Amino acid sequence: MEDAGFGQVLGLGHDLVDLKEFGRQLAMPGTRMTSLFSPRERRQAQQRALLKHDDTAAHLAVRWAGKESVLKAWSQALGPEPSPYGLDDFPWSGVEILDDGRGRPSVNLEPSVEARLYDSLPLTGGQVGRVQLCWHIALSHDGPMVSAVVLLCRRV
């Protein structure tokens, strides 16, 4: 699939998260759930909660759905190639779901994760340095559920 705004779609990811269950996991004694988010993600979630007069867990949950969707889109883009990560060693905090100054979500990868992304994909059509990948993300929440959809695209 190609489109002037999206380029060639390499992978699609979607995830749903139950807010109550996510909040329960986040509040468990000794949990490491918050370490799966970068300091910037945690700060933005706290700021959004203050602005919207709700719970930080809701804003972390939607970011979690985004991270899961990134993993799914990346995995789909691999085709038959082996995955560089599994669920247990995926660099969750190195995949950030952040809002820009206008509140639009984006996917940001730390440099080592981005390098691994490029190395893992079966990219063709010239030097890898010339290939430009981009992410498109949509986040939503309604009642007890949050959702994220992610596209991994190759600009053409």
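Residues numbered from 1 in each chain as written. Predicted model: local features only at pLDDT ≥ 70, side-chain atom pairs only at ≥ 80, totals over all residues. Heavy atoms only, no water.

Concerning the overall build of the protein chain
Along the backbone of the protein chain there are four helices and six strands. Start at the N end of the protein chain and walk to the C end: the helices and strands fall as β-β-α-α-α-β-β-α-β-β. Taken over the C-alpha trace, the protein chain has a radius of gyration of 16 Å; the compact-globule value for 156 residues is 15 Å, and the two agree within 12%. Taken along its principal axes, the extent of the C-alpha atoms in the protein chain is 50 × 30 × 25 Å. Looking at the protein chain as a whole, 42% of its 156 residues qualify as buried. (Helix = DSSP H or I, 4+ residues; strand = E, 2+ residues; numbered from the N terminus. Rg over C-alpha atoms; globule rule 2.2 N^0.38 Å. Buried < 20%, exposed > 50% of the residue type's maximum accessible area, 1.4 Å probe, protein only.)

Some words on the pairing of strand β3 (residues 95-99)
Counting buried residues in β3 gives five out of five residues, a clear majority hidden from the surface. By the alternation rule, side chains of β3 split into V95, I97 and D99 and E96 and L98, which are all buried. In this structure, β3 lies alongside strand β4 (residues 105-109), joined through five bridges in antiparallel fashion. By the bridge assignment for β4, D99 is matched with P105. With antiparallel pairing between neighbouring strands as the criterion, β3 and β4 make up a hairpin whose turn holds five residues, including G103 at a positive phi of roughly 85°. (Pairing = 2+ DSSP bridges.)

A look at the pattern of salt bridges
Counted according to the given criterion, the structure contains seven salt bridges. The salt bridge partner of D99 is R48, with a shortest N-O separation of 3.7 Å. Taken together, the positions of D99 in strand β3 and R48 in helix α2 (residues 39-52) put the pair 51 residues apart, joining distant regions of the chain. The salt bridge partner of D99 is R63, with a shortest N-O separation of 3.6 Å. Residue D99 is located in strand β3, and its partner R63 is located in helix α3 (residues 56-78); the two are separated by 36 residues in the primary sequence. Judged on exposure class, the residue D99 and its partner R63 are both buried. Salt bridges here are not isolated pairs; linked through shared partners, they connect R48, R63 and D99. (Salt bridge = Lys/Arg side-chain N within 4 Å of Asp/Glu carboxyl O.)

Comments concerning the UniProt feature "domain: 4'-phosphopantetheinyl transferase" (unreviewed entry) in the protein chain
When the UniProt feature table is mapped to this numbering, "domain: 4'-phosphopantetheinyl transferase" (unreviewed entry) covers residues 11-114. Secondary structure across residues 11-114 comprises 48% helix and 17% strand; the distance between its end C-alpha atoms is 15 Å. (UniProt positions renumbered as here; feature names shortened; annotations may be inferred.)

So, the environment of P39
By secondary structure assignment, the location of P39 is in helix α2. Taking C-alpha positions, P39 is 9.6 Å from E96, a pair spaced 57 residues apart along the chain.

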